[in-house]
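The residues making up each chain are set out below.
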Amino acid sequence: KNGGPIIVAQIENEYSGNDHAYVDWCGSLVNNELSSTEIPWIMCNGLSANSTIETCNSCNCLDDGWIDQHRRMYPDRPLMFTENEGWFQQWGQPISIRKTSDVAYSVAEWFAAGGAYHAYYMWHGGNNYGRIAASGVTTLYADDVCLHADGTPNEPKYTHLSRLQHIIADRAEALLKQDSIRTTIPYWNGNAWINGTSQFVYSYPPSLHFVISQATTPLFVLFRNQNISMNDHSARIYDDNMTLLWDSAVYSDVASNNTVLVPVVAGLQNWQTWSESSAKSNLPIITSANPIGQLNITNDETIYMWYRRNVTLKQPSTNTIVRVQTRIANGLLFFLGGKYLGEFDDHNHQAGSAEAFIVLDLSNFNANQQYVFEILSISFGMFSGVYANSFEQKGIDGNVWLDGQLLVDNETETNFWNHQKGLIGEYLQIYTEQGSSKVDWDTQWAKGINQPITWFQARFDLHHLIQEDTNANPVLLDALGLNRGHAFINGNDLGLYWLIQG
């Protein structure tokens, strides 16, 4: 409307419910409150209102039948592909790999069949800085897409798909001014040319032809008296002179593994450490007979919350069971008398309740002696879906049992749970220049190795990179050799790192 860059907007995402009144309400917003925008609105891959456009999220919207279904249901609405899946990365999962040829085949088929809009999920993998990662999703969002999470090209995928996009852009006028002509073409079955249903051509006269084979094995097809060798699930693009412009399955000329890691800060740094346990906390404490859900106290302004309570051990053993009612995508670190004992981690990309059972070795503790029992809860992100009549929670969502004893004081009301929002270092912002001066750092940093809840700090400069293009040559933090933690640079929250097996 105003000459700006926004050409389409989305009002809902993958709504899979059955609340048609809600869908109609979304449509009424488009027709009324949002009508001044004068742009198309979509409801992505789910139920859609009459005033919105339904779109496809898939790995292939032609082969899975979405295009044919959309044309039957909405013959007057354009074909829009909002998520051609590259997927995202979850803690503890192997990196999701999708073959270059598969993505290329999917995109080529889409435009061949008349697709008007296409979005890669993702083109650039990106990163989840701070607390923005969804439940169970890593700081690195997606890496096996056209641009790695660090912004460098993922070859050969980047170049091969870029070549296709340039062809589509160069021939956009022919693609947009007309509907394609789809023609079935024969394939060679080893004895004769056979007309099937999985080999065809989408033609855009007079300049472009998409030759496609949906077969699961390589074969020959016949088009314009040319015997064409097709790979399984592949697409070829020809001009009207039958000059091959592009083949979804051929990209051997593109070099892979083209990224070179060059150390820019090397050698031992002047590290110093500060331990949370070395300071007396002056942070506000909330007490309760029962543990309180983490978000009720933190309001998701930090991923950390301490739960503390006094306990008296009856019969300490090497196999003491702790049971905690917690949440999916949540970590729990256990301490007794200031000593780290173990952890529980659920890093699934989902929401809901979880049960933590962990066996602790308490054999070095004394019976009938009181200790401070501490649980540090770490949120691994909020689930991105929203369900009716539900509220997401983190931390302890119920009760805690230690060696079969329910840790609730409903009688004496003198042994309550203490709840502390966040870490002391967070509160003091010791990751900033100003906050760093508020604690006494220990220069004998080796003492902090393998010590829980310990901050490490070092200073370095990158002045020698001032002339470098850090978009093309990004600066990375190599976490190899570390375990798990939270990284900050110049006060900027980089998010979590965790060298967990994928």
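Given the structure is predicted, the values throughout are model-derived calculations rather than measurements.

Rules used in this analysis
- Residues numbered from 1 in each chain as written.
- Predicted model: local features only at pLDDT ≥ 70, side-chain atom pairs only at ≥ 80, totals over all residues.
- Heavy atoms only, no water.
- Axes fitted to C-alpha atoms, helices over the stretch in contact; angles between N-to-C directions.
- Helix = DSSP H or I, 4+ residues; strand = E, 2+ residues; numbered from the N terminus.
- Parallel < 35°, antiparallel > 145°, perpendicular 65-115°, else oblique.
- Contact = heavy atoms within 4.5 Å.
- Nonpolar A, V, L, I, M, F, W, Y, C, P; charged D, E, K, R; others polar.
- UniProt positions renumbered as here; feature names shortened; annotations may be inferred.
- Buried < 20%, exposed > 50% of the residue type's maximum accessible area, 1.4 Å probe, protein only.
- Patch = residues over 30% accessible without salt bridge, like charges linked within 9 Å, V, L, I, M, F, W, Y side chains within 5 Å.
- Areas by Shrake-Rupley, 256 points an atom, 1.4 Å probe, with all protein chains shown as cover.
- Salt bridge = Lys/Arg side-chain N within 4 Å of Asp/Glu carboxyl O.
- Disulfide = S-S within 2.5 Å.
- Core = buried A, V, L, I, M, F, W, Y, C linked by side-chain atoms within 4.5 Å.
- Domains from an automatic or database assignment.
- Buried area = accessible area lost by both parts, 1.4 Å probe.

1. A closer look at the packing of helix H3 (residues 100-112) against helix H4 (residues 157-170)
Relative placement of two packed helices is described by the angle separating their axes and the distance separating the axes.
Next up, step 1: Running from amino to carboxyl end, H3 crosses H4 at an angle of 10°, the nearest separation of the two axes being 10 Å. When the axis of H3 is compared with that of H4, the two are roughly parallel. Contacts between H3 and H4 involve Thr100, Val103, Ala104, Val107, Ala108 and Phe111 from the former and Lys157, His160, Leu161, Leu164, Gln165 and Ile168 from the latter.
Next up, step 2: Here the residues of the contact of H3 with H4 sort into eight nonpolar, three polar and one charged.

2. A few points about the UniProt feature "domain: Beta-galactosidase galactose-binding" (unreviewed entry) in the protein
Next up, step 1: Here, UniProt's "domain: Beta-galactosidase galactose-binding" (unreviewed entry) annotation points to residues 454-500.
Next up, step 2: Annotated as residues 454-500, this span is 0% helix and 36% strand, and its ends, taken at the C-alpha atoms, are 19 Å apart.

3. A closer look at the environment of Gly293
Next up, step 1: Tracing the chain through its elements places Gly293 in the loop between strand E14 (285-288) and helix H6 (294-298).
Next up, step 2: For Gly293, a relative accessible area of 8% translates into the label buried.
Next up, step 3: Each residue touching Gly293, except ones within four places of it in the same chain, is listed here: Met305, Tyr307, Gln393, Lys394 and Ile396.

4. Focus: a nonpolar patch on the surface
Next up, step 1: Together, Val264, Val265, Phe460, Val475 and Ile489 line one region of the surface with nonpolar side chains, adding up to about 370 Å² of accessible area.
Next up, step 2: Looking at where Val475 falls in the secondary structure, it is placed in the loop between strand E24 (454-457) and strand E25 (484-489).
Next up, step 3: On the accessibility criterion, Val475 (41% relative accessible area) is partly exposed.

5. Focus on the environment of Gln90
Next up, step 1: Following the sequence through the fold, Gln90 ends up in the loop between strand E4 (80-85) and H3.
Next up, step 2: Each C-alpha atom of the pair Gln90 and Arg171 lies 38 Å from the other, and the pair is 81 residues apart in sequence.
Next up, step 3: Contact partners of Gln90, with chain neighbours within four places excluded, come to Gly136, Val137, Thr138 and His349.

6. Here we look at the state of the cysteines
Next up, step 1: Tallying each qualifying case throughout the model produces one disulfide.
Next up, step 2: The side chain of Cys56 participates in a disulfide bridge whose partner is Cys61; the two sulfur atoms lie 2.1 Å from each other. Taking the sign of the S-S torsion, about -100° here, the bridge from Cys56 to Cys61 comes out left-handed. Neither residue differs from the other here; Cys56 and Cys61 are each classed as buried.
Next up, step 3: Cys59 provides the cysteine sulfur closest to Cys146, a residue in no disulfide bond, and the two sulfurs are 13 Å apart.

7. Here's the deal with the nonpolar core
Next up, step 1: Ile67, Trp110, Leu161, Leu164, Tyr202, Phe210 and Ile212 are the most contacted members of the largest nonpolar core, which has 32 residues in total.
Next up, step 2: If you list the elements that add at least two residues to this core, you get helix H2 (66-73), H3, H4, strand E7 (193-204), strand E8 (208-213) and strand E11 (234-238).
Next up, step 3: Top contributing element to this core by residue count: H3, with eight residues.
Next up, step 4: When residues of this core are assigned to domains, at least three map to each of domain 1 (9-175) and domain 2 (181-247).

8. Topic: the pattern of salt bridges
Between side chains of opposite charge, a pair can form as their charged atoms come close.
Next up, step 1: Evaluated as defined, the whole model comprises 15 salt bridges.
Next up, step 2: Among the ionic pairs, Glu392 bridges to Arg327, the shortest N-O distance being 3.0 Å. Linking Glu392 in the loop between strand E20 (370-379) and strand E21 (400-402) with Arg327 in strand E16 (residues 320-327), this pair joins segments that are 65 residues apart in sequence.
Next up, step 3: Salt-bridge contacts for Glu343 lead to Arg484; the nearest nitrogen and oxygen are separated by 2.7 Å. Of this pair, Glu343 sits in strand E18 (residues 339-346) while Arg484 is found in strand E25, placing the two residues 141 residues apart along the sequence.
Next up, step 4: The class for Glu343 is partly exposed, based on a relative accessible area of 32%.
Next up, step 5: When salt bridges with common partners are traced through the structure, they connect Arg327, Glu392 and Asp397 into a single cluster.

9. Quick notes on unusual backbone geometry
Next up, step 1: Here the amide bond leading from Tyr121 into Met122 is cis, since omega sits at 0°, within 30 degrees of zero.
Next up, step 2: Within the secondary structure, Met122 is located in the loop between strand E5 (117-121) and H4.
Next up, step 3: The omega torsion across Glu155 and Pro156 is 10°, close enough to zero to call that bond cis.
Next up, step 4: Within the element layout of this structure, Pro156 appears in the loop between E5 and H4.
Next up, step 5: The backbone of Trp87 sits at a positive phi, close to 70°, despite the residue not being glycine.
Next up, step 6: Tracing the backbone through its elements, the reader meets Trp87 in the loop between E4 and H3.
Next up, step 7: Residue Ala329 is not a glycine yet carries a positive backbone phi of 60°.

10. Section: the domain arrangement of the protein
Interface size is commonly expressed as the accessible surface area that is lost when the partners come together.
Next up, step 1: The assigned domain composition of the protein is domain 1 (9-175), domain 2 (181-247), domain 3 (279-422) and domain 4 (428-498).
Next up, step 2: A separation of 40 Å is found between the C-alpha centroids of domain 1 and domain 3.
Next up, step 3: Taken residue by residue, the interface counts ten residues in domain 1 and 14 residues in domain 3.
Next up, step 4: The contact between domain 1 and domain 3 buries some 840 Å² in all, and 52% of this surface belongs to carbon and sulfur atoms.

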